[in-house]
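# A look at the structure
The chain contents come next:
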Amino acid sequence: MPVLTVALVLALGASGYLLVLARAWEDRAAEVDDVARELGAELADARTDLEETRGTLALVETQLEGAQEQIHELADTVAQTGDDREVQRQVAEYQGELFAAAAGVTGTMAGCISDQQDYVLALEGELTRRAQAEQASPSPAPTDGAAEAQPDLRSLREALVTSCQEAAEAHEDLTRRLSDS
């Protein structure tokens, strides 16, 4: 009889342990699911921002082509009216300013797109890493941050916001210059 009592106590203890372990897994799974949804939403937002920036870059390139056409038309018109050397100097100076501004816009847009791509890749990598870690871990143990270098999503996001803001300001400046001419 005492053996059955000990066996019963051990069975109840094991059942209690398994119940606690199952609840811990359930809590861990809910946490991972929440984090995955957050990262997925951020990834979708970053991809949308990337596509919008690419569209803006295409618009800037179109505006640059239009500016080049205007410069050539202006040069032709002014050359026909008088002092060729002075006109050519002014046109060349204006053209140089516009080209510098357009190159600045293109450069900042390229930086913004590059930062967006880095952020999207980091988000995808983080989602993949978390999914693999969840599949590979046999028990709900806290992860050891030293095992793998993780991307700093906050600093990547800050760099992205900064470079895209610079691109937007450069684009506005170029648009203002083109509308003034």
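Keep in mind that this is a model prediction, so the values were computed, not measured. (Residues numbered from 1 in each chain as written. Predicted model: local features only at pLDDT ≥ 70, side-chain atom pairs only at ≥ 80, totals over all residues. Heavy atoms only, no water.)

### Some words on the overall build of the protein
- Helix and strand counts for the protein stand at three helices and zero strands.
- Seen in sequence order, the protein has helices and strands lined up from the N terminus as α-α-α.
- Across the 181 residues that make up the protein, the buried fraction comes to 20%.
- Counting only contacts in the protein whose residues sit at least 6 apart along the sequence, the fraction spanning at least 24 positions is 94%.
- For the protein, the computed accessible surface area is about 12,100 Å², with 56% contributed by carbon and sulfur atoms. (Helix = DSSP H or I, 4+ residues; strand = E, 2+ residues; numbered from the N terminus. Buried < 20%, exposed > 50% of the residue type's maximum accessible area, 1.4 Å probe, protein only. Contact = heavy atoms within 4.5 Å. Areas by Shrake-Rupley, 256 points an atom, 1.4 Å probe, with all protein chains shown as cover.)

### Observations regarding the nonpolar core
- Counting residues in each nonpolar core, the largest one holds 28 residues, and the members touching the most others are Leu98, Val105, Met109, Tyr119, Leu123, Leu153 and Leu174.
- Sorting the residues of this core by element identifies helix H1 (2-81), helix H2 (84-136) and helix H3 (153-180) as the ones contributing at least two each.
- The element contributing the most residues to this core is H2, with 13 residues.
- With sequence-adjacent residues up to four places away left out, leucine 98 is seen in contact with Ala67, Ile71, Leu174, Arg177 and Leu178. (Core = buried A, V, L, I, M, F, W, Y, C linked by side-chain atoms within 4.5 Å.)

### Observations regarding the side chain of histidine 171
- Here histidine 171 lies in helix H3.
- Note on histidine 171: relative accessible area 15%, which makes it buried.
- A polar contact of 3.3 Å, which involves the side chain of histidine 171, links it to the side chain of glutamine 63.
- Look past the residues within four positions of histidine 171 in its chain and what remains in contact with it is Leu59, Val60, Gln63, Val105 and Met109. (Polar contact = N/O pair within 3.5 Å; in protein donor to acceptor, adjacent residues only side chain to side chain.)

### Topic: the environment of serine 114
- Mapped onto the elements of the fold, serine 114 is located in helix H2.
- On the accessibility criterion, serine 114 (32% relative accessible area) is partly exposed.
- For the pair serine 114 and leucine 160, spaced 46 residues apart in the sequence, the C-alpha separation amounts to 8.5 Å.

### Digging into the confidence of the model for the protein
- Within the protein, residue pLDDT values average 83, and 89% of them lie at 70 or more.
- Confidence scores differ between elements of the protein, with H2 showing the lowest mean pLDDT of 83 and H1 the highest of 87. (pLDDT = per-residue confidence, 0-100.)

### A closer look at the pattern of salt bridges
- Inspection of every chain in the model, using the stated rule, returns eight salt bridges.
- One salt bridge connects arginine 54 with glutamate 51, and the closest N-O pair in it is separated by 3.2 Å. One end of the pair is arginine 54 and the other is glutamate 51, both in helix H1 and three residues apart, which spans about a single turn.
- The exposure class of glutamate 51 is partly exposed, given its relative accessible area of 48%.
- Here aspartate 173 makes a salt bridge to arginine 176, at a shortest N to O gap of 3.5 Å. Here aspartate 173 and its partner arginine 176 are both found in helix H3, three residues apart, which amounts to about one turn of the helix.
- Within this structure, Glu126, Arg129 and Arg130 form a network of salt bridges that share partners. (Salt bridge = Lys/Arg side-chain N within 4 Å of Asp/Glu carboxyl O.)

### Re the side chain of arginine 129
- Locating arginine 129 in the fold gives a position in helix H2.
- Only 2.9 Å separates the side chain of arginine 129 from the side chain of glutamate 126, close enough to count as a polar contact.

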